[in-house]
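# Structure assessment
Listed here are the chains, written in short residue letters.
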Amino acid sequence: MEEELLMIPGPVPVIARIREAMAKPMITHRGDEFSQIYGEIVENLKNIFQTRNDLFVLSGSGTCAMEAAVGNIIKRTNDAGKTEMRCVTIANGKFGERFTEIAERYGADVTPVHFEWGHSIELERVKEALENSPTPKVVTMAHNETSVGILNPAKEVGKLAKKHDAIFVLDCITSIGGDNVPVDEFGADIAIVGSQKCLGMPPGLAALSISERAWELMEENPSRPYYQDLVAYKKSYKKKQTPYTPALPLFFALHEALEIIKEEGMAKRIKRHRTLSKSIRAAVTSLGLSLFPKLNEVSDYSNTVTAINMPLEKGITDEQLRGGMRKKGVVVSGGQGELKGKIFRIASMGNITSTEILRTIEVLEQVLMENKFIEEEGKGLEAAKGVISFS
Ligand SMILES: Cc1ncc(COP(=O)(O)O)c(C=O)c1O
């Protein structure tokens, strides 16, 4: 069966070396071989996170680590299950809002600082919310808001968090491994990555880094979750083990994926991601399509996923565009939630190359031509190739 080309923001295509690593025989997770693999994974991830903080790998998807971060910090303190912990949740898309839902579920006193999806974060509103929230407090944000293709101002929010003595939880699920994410320089107390995104892995693992300040809150919190108890992870890591049985085949794959990243080098990898996303932006705008995010001076287009307005005004529907591309073997994402049918998204994450990008643009042009949005094919490819060959 011919494989579809997956150009969605996770799961991304997984190259053979990583797939084959999963076929290794099982080992005991309480032995030296696992400890060595896990130790190397952690050291390699710390380099990619650019952090000196502790770091652990959880057997679960990105949301598992988001919940672990919030759930370990939020202490339930009274009979109503309410906590003294305030949580300022910044959001301009689905994943930022997910933190609001998690924090509410854990009983935090939540101040949502929500913006229209795809609009930029205004720092003034974040500052105001932080000034008005007594400590202890947490501030959460998605660095790369995948649902709308925008890169949020992590450094600036990190500075505000520090100034207002807030614990900064940063979802870097679709930025770490593809973009420059200096976690310590951003002042992120907890930073999270998901396996099926820029690391080029299958889904099923997430990793998170934890600062000393965050540990102080977690260690004195008796209502930490059980399975995602990060203090248990810290204790087990003394022997380079995990508290419960890890998803071994995925750990083998992650070990290999990180070797591949080392071979490429992070600087080159970031440049590749930036070039490929820039080439997609150049291609789609040259075809007369428009980009969805509304930028301000502190935001940018995502370097790992491009969100494009569906040309509804020309009568082209989601079914025609994405359905048409899929029939030709290329899968791109639609809009989520309120953006369903209104945007489409092309990912450029992981071990993707210019070949896959050019194939995607070629198929997009074919579909736009079939639907009479363009009169000739080639402009998009030419624009993308121009960016790629200049880099
Ligand atoms: C920015 C961001 N945060 C969180 C998630 C949720 O991750 P998962 O689906 O792995 O639980 C995603 C998934 O696409 C994401 O892009």
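Here the residue numbers are simple positions, counted from 1 along each chain's written sequence. Confidence filtering applies because this is a predicted model: local features only for residues at pLDDT of at least 70, side-chain atom pairs given and counted only at 80 or more, and all residues used for totals across whole chains, interfaces and linings. As a convention, hydrogens and water are excluded, and side-chain values are obtained from all of the structure's heavy atoms.

## Considering the overall build of the protein chain
Comment: elements are numbered from the N terminus, with helices defined as DSSP H or I runs of at least four residues and strands as E runs of at least two. A tally of regular secondary structure across the protein chain gives 14 helices and 15 strands. The C-alpha atoms of the protein chain give a radius of gyration of 21 Å, which matches the 21 Å a tight globule of 391 residues would have. Along the longest, intermediate and shortest principal axes, the C-alpha atoms of the protein chain span 65 × 55 × 35 Å. Put simply, the protein chain has 391 residues, and 60% of those count as buried. Excluding contacts between residues fewer than 6 apart, the proportion of contacts in the protein chain whose partners are at least 24 apart in sequence is 72%. Accessible areas in this description were obtained via Shrake-Rupley with a 1.4 Å probe; residue shielding takes into account the shown protein chains only. Here the protein chain has roughly 16400 Å² of accessible surface; of this, 49% comes from carbon and sulfur atoms. Throughout, the radius of gyration refers to the C-alpha atoms, and the reference size of a globule is 2.2 Å times the residue count to the power 0.38. Buried, partly exposed and exposed residues are distinguished by accessible area as a fraction of the type maximum, computed with a 1.4 Å probe on protein chains only: under 20%, between the cut-offs, and over 50%, respectively. By the convention used here, residues are in contact when the closest approach between their heavy atoms is within 4.5 Å.

## Things to note about the site of the ligand
We call a residue near a given molecule or strand whenever any one of its heavy atoms falls within 4 Å of it. In the region of the ligand, 13 residues are neighbours, and S61, T63, T146, D171 and K197 sit closest. Within the backbone of G62, one N or O atom sits 2.9 Å away from an oxygen atom of the ligand. For the ligand, the protein covers 88% of the area, taking 390 Å² as the surface of the free molecule. Residue assignment for the shell around the ligand shows that the elements contributing at least two residues are α3 (62-73) and α4 (94-105). Of the residues forming the shell around the ligand, the biggest block, three residues, is contributed by α3. We call Asp, Glu, Lys and Arg charged. Ala, Val, Leu, Ile, Met, Phe, Trp, Tyr, Cys and Pro are nonpolar, and the rest, Gly among them, are polar. Here the shell around the ligand is built from residues that sort into three nonpolar, seven polar and three charged. Whenever a nitrogen or oxygen atom comes within 3.5 Å of another N or O atom, the pair is scored as a polar contact, on the condition that within protein one atom can donate a hydrogen and the other can accept it, and that pairs from neighbouring residues in sequence are kept only if both atoms are in side chains.

## Overview of the environment of G380
Take G380: it is sitting in helix α14 (residues 379-390). Overall, the relative accessible area of 0% leaves G380 in the buried class. Discounting chain neighbours no more than four positions away, the residues touching G380 are A283, S286, L287, I361 and E365.

## Focus: the pattern of salt bridges
We count a salt bridge whenever a side-chain nitrogen from Lys or Arg sits within 4 Å of a carboxyl oxygen from Asp or Glu. Using the criterion set out here, one finds 18 salt bridges in the structure. E256 is the partner of R17 in a salt bridge, and the nearest nitrogen-oxygen pair spans 2.7 Å. Within this pair, whereas R17 is found in helix α1 (residues 16-21), its partner E256 is found in helix α10 (residues 248-264), the two being separated by 239 residues in sequence. A salt bridge links R86 to D109, with the nearest nitrogen and oxygen atoms 3.9 Å apart. One end of the pair, R86, is in strand β3 (residues 86-91); the other, D109, is in strand β4 (residues 109-114), and 23 residues separate them in sequence. Exposure remark for R86: the relative accessible area of 17% places this residue in the buried category. Each of R17, E256 and E263 takes part in one network of salt bridges that share partners.

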